[in-house]
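Chain and residue survey
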Amino acid sequence: MTTSLLRVPPPQGLLRPLAVPERLLLGPGPSNVPPRILAAGGQQLLGHMHPEVLQVMDEIKAGIQYAFQTQNQLTLAISGTGHCAMEAALLNLLEHGDTALVAISGIWGQRAADIARRLGSNVHELLKPPGEYFAPWDIEEGLVQHKPSVLFITHGESSTGVLQPLEGLGELCHRHGCLLLVDAVASLGGAPIFMDQQEIDVLYSGSQKVLNAPPGSAPISFSERAREKMLRRKTKPPSFYLDMGWLANYWGCDGEPRRYHHTAPINSFFSLREGLAMLVELGLESSWERHRANCAQLCQGLHDLGLELFVKEEKARLPTITTVRVPEGYDWKEITAFLMDNHAIEIAGGLGPSVGKVLRIGLMGCNSTSGNVDCVLRALRDALGCCRRSRL
Ligand code: PMP
């Protein structure tokens, strides 16, 4: 007779050792984590209010200010992925009934519009076909017509491989009484962005792309204008976890003694600190140049393989994620599976409006090397030969 009260047996999978294969992650993220950052994340825990952890948080803040090129005091890392930062930005800025204008040329605008609608905002969409970007006059037309209080736009549209020019947009928004909110999850460190000079009011990114840290923390910063709008709120932000008032205090941005808000993902912060340290050591300008050069080498190689780049204009190509049309007669899933099975390389198919149309190849941070470009081109050449043969 059994005396156990357990009705759910121990899962056999958990009695086997964890298995993590070696892979080269050349999709749109995450990218591989170098040993130095892995080691930082593998350090023993400290308490979330210990002075050493608060010191690491201060260093992260300074690293984000450098990466964003901003002097904003309200600069910190969200305990969550890029989506979490997107929600934090929108739910702190927008109140029920506010008008938001969302520039949509891929999935990130679609998601921002979805989030803003859930917050009860009046959302107006500015649309461009995938592969294209917005000109200042497109934006101005939307600002004049809808009079929004916030404009959302994506700097690096990872679903289409487009780099959105930001020059003049901040000034334009401010002339129309609107705040500029920019998603730089896929572009930060890979393409120039200057938060203060470009008058960006809210900027956020992620840890797992150019910064080469594991997913789970997300840099974000708010301008004085954005802070003032948040101070004028009539209602509390609808999330306690992402309430910027609380987070500003925990991150030492409000001049008050720091109070416990949540138990921060301390080891994720150690990794993020190290990812930012590596960017600081390399220097932003060298990092931008590295991504530019390796992307150019990749584009040339793809062209030489007879493949067609999805983004026609060279200056509109995102240096971190390159999109190439799925070649005629091929199934994109066969190509990505072939690279994974035969070369242990991850590349991705399309996302949202680019599904079925493109393959996406990411070269981010430490993964942006000439050697990795050669590797992925070799693997693609192999795939184009083999996948076609298997279809004949
Ligand atoms: N914005 C952009 C431009 C992205 O590329 C991503 C991630 N692919 C996100 C937001 C969301 O980030 P996460 O998956 O870390 O939540």
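What counts, and where the lines are drawn
- Residues numbered from 1 in each chain as written.
- Predicted model: local features only at pLDDT ≥ 70, side-chain atom pairs only at ≥ 80, totals over all residues.
- Heavy atoms only, no water.
- Helix = DSSP H or I, 4+ residues; strand = E, 2+ residues; numbered from the N terminus.
- Buried < 20%, exposed > 50% of the residue type's maximum accessible area, 1.4 Å probe, protein only.
- Contact = heavy atoms within 4.5 Å.
- Core = buried A, V, L, I, M, F, W, Y, C linked by side-chain atoms within 4.5 Å.
- UniProt positions renumbered as here; feature names shortened; annotations may be inferred.
- Axes fitted to C-alpha atoms, helices over the stretch in contact; angles between N-to-C directions.
- Parallel < 35°, antiparallel > 145°, perpendicular 65-115°, else oblique.
- Left-handed = near helix turned anticlockwise from the far one by under 90°.
- Nonpolar A, V, L, I, M, F, W, Y, C, P; charged D, E, K, R; others polar.
- Pairing = 2+ DSSP bridges.

Another point: the environment of A89. Considering the arrangement of structural elements, one finds A89 in helix 3 (residues 82-93). Here A89 falls in the buried class, since its relative accessible area comes to 0%. It is 12 Å that separates the C-alpha atoms of A89 and P238, two residues lying 149 residues apart in sequence. Once residues lying within four places of it in the same chain are set aside, the contact partners of A89 are L181, V202, Y204, I220 and F222.

A word on the nonpolar core. Buried together is how nonpolar side chains tend to be arranged in soluble globular proteins. With 83 residues, the main nonpolar core has I78 and I220 as its most contacted residues. Within the second largest apolar cluster, 28 residues are counted, among which are L305, I347, L384 and C387.

Let's shift gears to the UniProt feature "modified residue: N6-(pyridoxal phosphate)lysine" (unreviewed entry) in the protein chain. Following the UniProt record, the feature "modified residue: N6-(pyridoxal phosphate)lysine" (unreviewed entry) maps to K209 here. Along the chain, the position of K209 falls in the loop between strand 9 (202-204) and strand 10 (218-222). Among the residues examined, K209 registers a relative accessible area of 8% and is labelled buried. Once residues within four sequence positions are removed from consideration, K209 is found in contact with P28, G29, S31, V185, A186 and M364.

Now for the packing of helix 3 against helix 4 (residues 107-118). Put simply, helix 3 and helix 4 touch, their axes get as near as 10 Å, and they point 50° apart. Between helix 3 and helix 4, the interaxial angle falls into the category oblique. The interaxial crossing formed by helix 3 with helix 4 has right-handed handedness. Across the interface between the two elements, H83, M86, E87 and L90 of helix 3 pack against W108, R111, A112, I115 and A116 of helix 4. Split by residue class, the contact of helix 3 with helix 4 holds 6 nonpolar, 1 polar and 2 charged.

Right, let's get into the pairing of strand 14 (residues 358-362). Extensive coverage of strand 14 is indicated by the burial of 5 of its 5 residues. Of the two faces of strand 14, the one carrying V358, R360 and G362 and the one carrying L359 and I361 are both buried. Looking at chain direction, strand 13 (residues 348-349) and strand 14 are connected through 2 bridges and run antiparallel. Counterpart to G349 in the pairing with strand 14 is L359.

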